[in-house]
Amino acid sequence: MTEDEQKQAAAEKSVSYIEDGMVVGLGTGSCAAKMVDLVGARVKDGLKMTAVPTSEATAQQAQSLGIEVVGFDRVSSLDLTIDGTDEVDPQRRLIKGGGGAHLREKIVASLSDRMIVIAEAKKKVTQLGAFKLPVEVIRFAAPALLSRLEGLGCEAHLRSGSDNELFVTDEGNYVIDCDFKVIANPEQLALDLSTLPGVVEHGLFIGYADVVLIGTDAGVEILGS
Ligand code: 5RP
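Computed from a prediction, not measured in an experiment: that's the story for all the values here.

Caption draft 1: Main features of the environment of A41. Tracing the backbone shows A41 in helix α2 (residues 30–44). We classify A41 as partly exposed; its relative accessible area is 39%. Counting along the chain gives 27 residues from A41 to E68, while the straight-line C-alpha distance between them is 13 Å.

Caption draft 2: Molecular detail of the site of the ligand. For the ligand, the set of nearby residues contains 17 residues, the closest of which are S30, D86, K96, G97 and K123. Within the backbone of T28, one N or O atom sits 2.9 Å away from an oxygen atom of the ligand. Between the ligand and K123 there is a distance of 2.7 Å, counted from an oxygen atom to a side-chain nitrogen or oxygen. Protein burial of the ligand: of its 380 Å² of free accessible surface, 90% is covered by the chains. Looking at the shell around the ligand residue by residue, the classes come out as two nonpolar, ten polar and five charged.

Caption draft 3: Broad picture of the packing of helix α1 (residues 3–15) against α2. Close contact between α1 and α2 brings their axes to 9 Å; oriented N to C, the two are set at 45 degrees. Relative to α2, the element α1 is oriented oblique. For the crossing formed where α1 meets α2, the hand is right-handed. Between α1, through D4, K7, Q8, A11, E12, S14 and V15, and α2, the contact on the second element is made entirely by S30, C31, K34, M35, L38, V39 and R42. Among the residues making up the contact of α1 with α2, the classes are represented as six nonpolar, three polar and five charged.

Caption draft 4: View of the sheet that holds strand β13 (residues 211–216). The sheet built from seven strands is open, its strands ordered β3-β2-β1-β4-β7-β13-β14 with mixed pairing. Each of the sheet's edge strands pairs with one partner strand only, and the pair in question is β3 (68–69) and β14 (219–224). Note: strand β4 (residues 80–83) against strand β7 (residues 115–120), three bridges, orientation parallel. The partner of I82 across the bridge, within β7, is I116.

Caption draft 5: Main features of the nonpolar core. The biggest cluster of nonpolar side chains holds 27 residues, and the ones touching the most others in it are I18, L26, M35, V39, M49, I67 and I118. Mapped onto this core, the elements with two or more residues apiece are α1, β1 (23–26), α2, β4, β7 and β13. The dominant element in this core, judged by the number of residues it contributes, is α2, at seven residues. Ignoring anything within four residues of it in the chain, the contact list for M49 reads I18, M22, V24, V39, V43, I67 and E68. Grouped together as the second largest cluster of nonpolar side chains are 23 residues, I95, A156, F180 and V199 included.

Caption draft 6: Geometry of the packing of α2 against helix α3 (residues 56–64). At their nearest, the axes of α2 and α3 sit 9 Å apart, and the two run at 25 degrees to each other. Regarding the angle of α2 to α3, the classification is roughly parallel. Here α2 and α3 pass one another in a crossing that is right-handed. When α2 is examined against α3, the residues A33, V36 and D37 are found in contact with a partner set consisting of T58, Q61 and A62. Considered class by class, the residues forming the contact of α2 with α3 number three nonpolar, two polar and one charged.

Criteria and thresholds
Residues numbered from 1 in each chain as written. Predicted model: local features only at pLDDT ≥ 70, side-chain atom pairs only at ≥ 80, totals over all residues. Heavy atoms only, no water. Helix = DSSP H or I, 4+ residues; strand = E, 2+ residues; numbered from the N terminus. Buried < 20%, exposed > 50% of the residue type's maximum accessible area, 1.4 Å probe, protein only. Near = heavy atom within 4 Å. Polar contact = N/O pair within 3.5 Å; in protein donor to acceptor, adjacent residues only side chain to side chain. Areas by Shrake-Rupley, 256 points an atom, 1.4 Å probe, with all protein chains shown as cover. Nonpolar A, V, L, I, M, F, W, Y, C, P; charged D, E, K, R; others polar. Axes fitted to C-alpha atoms, helices over the stretch in contact; angles between N-to-C directions. Parallel < 35°, antiparallel > 145°, perpendicular 65-115°, else oblique. Left-handed = near helix turned anticlockwise from the far one by under 90°. Contact = heavy atoms within 4.5 Å. Pairing = 2+ DSSP bridges. Core = buried A, V, L, I, M, F, W, Y, C linked by side-chain atoms within 4.5 Å.

Right, dumping it as structure tokens:
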């Protein structure tokens, strides 16, 4: 199976969790985009649901497929969120934010009764940290935060966009990618990052993922319930 087929298999399994009448959070990234396409197909077939997208890109995709998109002016909680990940460990702790959408993704996941994570096999790791941890920061604080973050034991770099300008999130902030190589204590690091003024949100998702669906050559592996 190619990585693309693994993502497709995980995405296909994930949409079977959606029931009529649900409010569903739609994630961001290439795996999530496959899931959104499948949600669009189910809506065309008559599924009644509303969606809260986790990025402008996902909002546009969902709307183009005829999925009803709402914001927090219309709903205050969600039944389910389906999203991709950059890494997942055996405790279902995640690194997210490769696409720079982890701020909205975490808000949407935090307001959801259940979070389902979808990914291809290579995202499953024994220890988090090989993927550079994305940290969304206030622009004003970014230069000073580089050294504060390095003080936590990583190499820190401001993220550039495809145009070589600095990458700017949907909320107008910068992202610093932190290369820890190995994150020995994700809970402690999450706490340390959350208490740094100027940090808006980090990409460690601890205690969010209820179910992880991993596309593998042997089928879709299910972690959690
Ligand atoms: C975006 C994310 C994505 O879910 C994550 O980067 C995985 O993306 P992909 O499925 O394209 O590998 O957290 O902020």
